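# Descriptive analysis of the structure
The lines below spell out each chain.
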Amino acid sequence: MMYAPVEFEFSEADYPPVEYQRKQQYWDSIRLAIFTLVIVAIIGITIGIVAHFVVEDDKSFYYLASFQVTNLKYRENYGLRTSKEFIQRSHQIERMMSRIFQHSGAGRFIKSHVIKISPDENGVNILMVLMFRYPSTGSAEHFRKRIERTLYQSLKTKKLPFTINKPSFTLTSIDSKKMRNLLNSRCGIRMTSSNMPIPAYSSKERIVQGRETSMEGEWPWQASLQLKGAGHQCGASLISNTWLLTAAHCFRKNKDPSQWIATFGTTITPPIVQRNVGKIIVHENYRRETNENDIAVAQLTTRVEFSNIVQRVCLADSSLKLPPKTSVFVTGFGSIVDDGPTQNKLRQARVETISSDVCNRKDVYDGLITKGMLCAGFMEGKIDACKGDSGGPLVYDSHDIWYLVGIVSWGQSCALPKKPGVYTRVTQYRNWIASKTGI
Ligand code: ARG
């Protein structure tokens, strides 16, 4: 009560404008709130839409399929996973699986890999891994039934090259670890850390004479051979759990295995895996003057376990012929300019095979290319392997399986016109490799 008159006095004079101001403020804040809400909604919806496309809510599901094929006769070489017979048959069977599952109602078919072809009284038995993407909320068992149904449907409606004996067909859901273990029985398969296949040309073209590095798991057979105390000397390729294939000239200065270590991973430091070397076998007829038979194998003291990051490459069958201008990839930690330093990050370059006739031309290497050598690069130069890449892999991709076709051996300087890289032609040494390693 005591203050009432004072209050009254003030309010008489000021009330109306304050009221007006308050109203104004009230509407301003409503407007601001609505505006903010709209902006938030727009941002939210945009993020939602982007997320929907970028982060699909799908998960990989793996299955092991086993079935009899009755219109196929077993052949001895099916037992050898690197034989031409096994590879060709596997591709045919994998292609048939794509035909059955692609664009079928059975979800997103990713790929399939034959693991084993074994003899069977009715023909042959096939063991293979199937990979699908499905919404992560579904159950593996539910999808398994769906896959089975799709397959049975195809047996009835599609004309397939192989006759699958329906009662023999079994499909089992497996986890990613089991899948990886099964695939480890096959060489030259690349996978991301989330177990997705790395498609052949996913990789941007990055060059040894250029920029950028490879992603982890892209070249899982690449190794770095290092001399204790002197660091990286050469590249090498993993061809089994214990054997590396490399160039003979890498051991010109030092052949003592105890002085060498091998590392794996896309950087030299830190490496993903490191091993001591227990044995070095240089080709008996290696000639330093002519670079002939520039091939050697090195055995690790303890085996490496295969993973998505460390994996062996396939050795090409001695019958593999690459026509000129075939795309091949070379990888290494070598320098990016002549006489430059070793690179800590692995690099890659796409090059093309060049026929020995062209490579032996007077204006190219003038007869220096022998039948154990393979030229690859470009006549205009620019892209090439270089110092420090020696011993490393030149690989060729066939149906997403990678084959070692060359070993970085020599070249006149690096990336000069008409002076392409010269590689050891691995197919010529297939028997030599087998005689030394049993692979
Ligand atoms: N011999 C070299 C080395 O020791 C590599 C030669 C590759 N040169 C080339 N131009 N492709 O690392």
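Residues numbered from 1 in each chain as written. Predicted model: local features only at pLDDT ≥ 70, side-chain atom pairs only at ≥ 80, totals over all residues. Heavy atoms only, no water.

### Section: the pattern of salt bridges
Should their charged atoms come close, side chains of opposite charge can pair. Taken as a whole, this structure holds 11 salt bridges when the rule is applied. Close ionic contact of D400 with K111 constitutes a salt bridge, the shortest N to O distance being 2.8 Å. You can see D400 sitting in the loop between β15 (393–398) and β16 (401–410) and its partner K111 sitting in strand β2 (residues 108–120), a full 289 residues away along the chain. Judged by relative accessible area, D400 falls into the partly exposed class, the value being 24%. (Salt bridge = Lys/Arg side-chain N within 4 Å of Asp/Glu carboxyl O. Helix = DSSP H or I, 4+ residues; strand = E, 2+ residues; numbered from the N terminus. Buried < 20%, exposed > 50% of the residue type's maximum accessible area, 1.4 Å probe, protein only.)

### Topic: the packing of aromatic side chains
Taken as a whole, this structure holds 18 aromatic pairs when the rule is applied. Look at F132 and Y134: their rings are 5.7 Å apart centre to centre, the planes differ by 10°, and that puts the pair in the stacked class. Relative accessible area serves as the criterion here: at 0%, F132 is assigned to the buried category. Ring plane angle 75° and centroid distance 6.1 Å describe the contact between Y152 and F169, whose orientation is recorded as edge-to-face. One end of the pair, Y152, is in helix α3 (residues 140–157); the other, F169, is in the loop between α3 and β4 (170–174), with 17 residues separating them in the sequence. For F169, a relative accessible area of 6% gives the class buried. (Phe/Tyr/Trp six-rings, centres within 6.5 Å; stacked < 30°, edge-to-face > 60°.)

### A short note on the site of the ligand
Near the ligand you find 15 residues, and of these H249, D384, G388, S390 and S413 are the closest. A distance of 3.1 Å separates an oxygen atom of the ligand from a polar side-chain atom of H249. Between the ligand and the protein, one listed contact pairs an oxygen atom with a side-chain N or O atom of S390 at 2.5 Å. Relative to its free-state accessible area of 350 Å², the ligand is covered by the protein chains to the extent of 85%. (Near = heavy atom within 4 Å. Polar contact = N/O pair within 3.5 Å; in protein donor to acceptor, adjacent residues only side chain to side chain. Areas by Shrake-Rupley, 256 points an atom, 1.4 Å probe, with all protein chains shown as cover.)

### Some thoughts on a positive patch on the surface
A contiguous patch of positive charge on the surface is contributed by R252, K253, K255, R288 and K387. With respect to the helices and strands, the residue R252 is situated in the loop between β7 (243–246) and β8 (260–264). (Patch = residues over 30% accessible without salt bridge, like charges linked within 9 Å, V, L, I, M, F, W, Y side chains within 5 Å. Lys, Arg positive; Asp, Glu negative; His and termini not counted. Charge placed at Lys NZ, Arg CZ, Asp CG, Glu CD.)

### Re unusual backbone geometry
At the junction of T269 and P270, the peptide bond is cis and its omega measures out at -5° in the coordinates. Checked against the element boundaries, P270 lands in the loop between β8 and β9 (273–282). Not every positive phi belongs to a glycine, and K325 is a case in point at roughly 70°. Its place among the elements puts K325 in the loop between β11 (314–315) and β12 (327–332). Of note in the backbone geometry, D400 takes a positive phi value of approximately 65° without being a glycine.

### What to know about the sheet that holds strand β1 (residues 58–69)
In spatial order, the strands read β2-β3-β1-β4; together these four strands make up an open sheet with antiparallel pairing. Edge positions in the sheet fall to β2 and β4, since each has one partner strand and no second. Strand after strand, the sheet turns through a mean of 20° between neighbouring axes, direction not considered. Alignment of β1 against strand β3 (residues 123–135), held across 12 bridges, turns out to be antiparallel. Across the sheet, S66 pairs through a bridge with L127, a residue of β3. Each of β1, β2, β3 and β4 touches helix α4 (residues 176–183); the most contacted strand, β4, lies at about 115° to it. (Pairing = 2+ DSSP bridges. Axes fitted to C-alpha atoms, helices over the stretch in contact; angles between N-to-C directions. Contact = heavy atoms within 4.5 Å.)

### Comments concerning the state of the cysteines
For the coordinates displayed, the defined rule picks out four disulfides. Each sulfur of the disulfide joining C187 and C314 lies 2.0 Å from the other. Sign of the S-S torsion, about 105° for the bond between C187 and C314, identifies this disulfide as right-handed. Of this pair, C187 sits in the loop between α4 and β5 (222–227) while C314 sits in strand β11, placing them 127 residues apart in sequence. Here the two residues C187 and C314 agree in accessibility, since each one is buried. Here C386 is linked by a disulfide to C414, with a sulfur-sulfur distance of 2.0 Å. Taking the torsion about the S-S bond as the criterion, the C386 to C414 disulfide, at about 85°, is right-handed. In this pair, C386 sits in the loop between β14 (373–377) and β15 while C414 sits in the loop between β16 and β17 (421–425), placing the two residues 28 residues apart along the sequence. (Disulfide = S-S within 2.5 Å.)

### So, α4
Listing the buried residues of α4 in full gives M179, R180, L182 and L183. All buried residues of α4 project into a common sector of 160° when viewed along the axis, lining one side. Within α4, the exposed residues directed more than 90 degrees away from the buried face are K177 and N181. Residues of α4 that are buried sit in contact with β1, β2, β3 and β4. (Arc of directions from axis to C-beta.)

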